[in-house]
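Structural characterization, general
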Amino acid sequence: IEDRRRLVCIYNNCSGLCVARGAAIQKYFEIFRISKMDLVEQIAHQQVELLNSNSDAAHVLRTGYREDGALTVASECDAQMFFHIPFTTRARLTALRMSSPPGQGPRAVKLYINQPQLDFDAAAAAAPSFAFELTEEQLSHTDSKDAMISLPVVKFRNVFCLSVLVENNQTNDDESTTLVSRIQLFGHTGDSFDVASIKDVSKQDDQ
């Protein structure tokens, strides 16, 4: 009888451990799924700004446009471009992907958070939240996991505006035109808020 009780106890403990582990694994995969959620529906598309370009930023951000590689945005005076992308809800960004036609896609890229009034001059004096370089392979294979640029989540929590500065392109010619056909952002979101109430937090410390 004592041995039977021990077996029952061991079985119950193992069952509880399996259930706990199963719940933990399920939670892990749910977090992983959410962390790679496409945030296209959380972008405040009407408030998106694109500096040094006469193109419509919707071509690279909106579903139905960004999937068409023939639709691009182009820099105007030189190779630089500056996107200000606000969200309708606070977001935690985990990754992004960019694509372009061969030869003229972005190379050096800097990201800034929650500074929607930042311009080229101010960005030159400010430290980016993250900087990276893209290769032709990453720009041309946007459906591959190798094209995904992982972001340090600790720096991209509570984001209401992401600013993407393209410093140059694959030609290494600062006077050439940069082309972008797609920007795709991934992560998960929190509480919604009114985009019109966004303030430039970079100036709040001076007040």
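You'll find the structure just up there.
Residues numbered from 1 in each chain as written. Predicted model: local features only at pLDDT ≥ 70, side-chain atom pairs only at ≥ 80, totals over all residues. Heavy atoms only, no water.

Re the nonpolar core
Our working definition: To define a nonpolar core, start from buried Ala, Val, Leu, Ile, Met, Phe, Trp, Tyr and Cys residues and group those joined through side-chain atoms within 4.5 Å. A simple rule labels every residue: compare its accessible area, found with a 1.4 Å probe on the protein chains alone, to the largest value its type can have, and call it buried under 20%, exposed over 50%, or partly exposed in between. Secondary structure elements follow DSSP: runs of H or I no shorter than four residues count as helices, runs of E no shorter than two count as strands, and numbering proceeds from the N terminus. Residues are treated as being in contact if the distance between any of their heavy atoms lies within 4.5 Å.
Ranked by internal contacts, the top residues of the largest apolar core, which has 32 residues, are F83, F87, L93, M98, L111 and L162. Secondary structure elements with two or more residues in this core: α2 (58–61), β4 (81–99), β5 (108–113), β8 (159–166) and β10 (182–192). For L111, the contacting residues outside a window of four places in its chain are L96, P128, S129, F130, F132, L151, F156, L162, S163 and V164. Residues F82, Y112, L118 and L165 belong to the second largest nonpolar core, which totals five residues.

Overview of the environment of Y65
Relative to the helices and strands, Y65 resides in the loop between α2 and β3 (73–74). Y65 sits in the partly exposed class, given a relative accessible area of 37%. Remark: the alpha-carbon pair of Y65 and S181, spanning 116 residues in sequence, is separated by 8.6 Å. Here Y65 is in contact with A58, H59 and L71, once residues within four sequence places are set aside.

Topic: the side chain of Q184
Going by this rule: The term polar contact refers here to a pair of N or O atoms within 3.5 Å; inside protein, the definition further demands a hydrogen-donor-capable atom paired with an acceptor-capable atom, and it admits residues adjacent in sequence only when both atoms are side-chain atoms.
With respect to the secondary-structure elements, Q184 resides in strand β10. Judged by its relative accessible area of 4%, Q184 falls in the buried class. At 2.8 Å, the side chain of Q184 forms a polar contact with the side chain of D38. A distance of 2.7 Å separates a polar atom in the side chain of Q184 from a polar atom in the side chain of R182. If we ignore the near neighbours within four places in the chain, the residues touching Q184 are D38, R66, A95, L96 and R97.

Read these as geometric descriptors, not functional statements.
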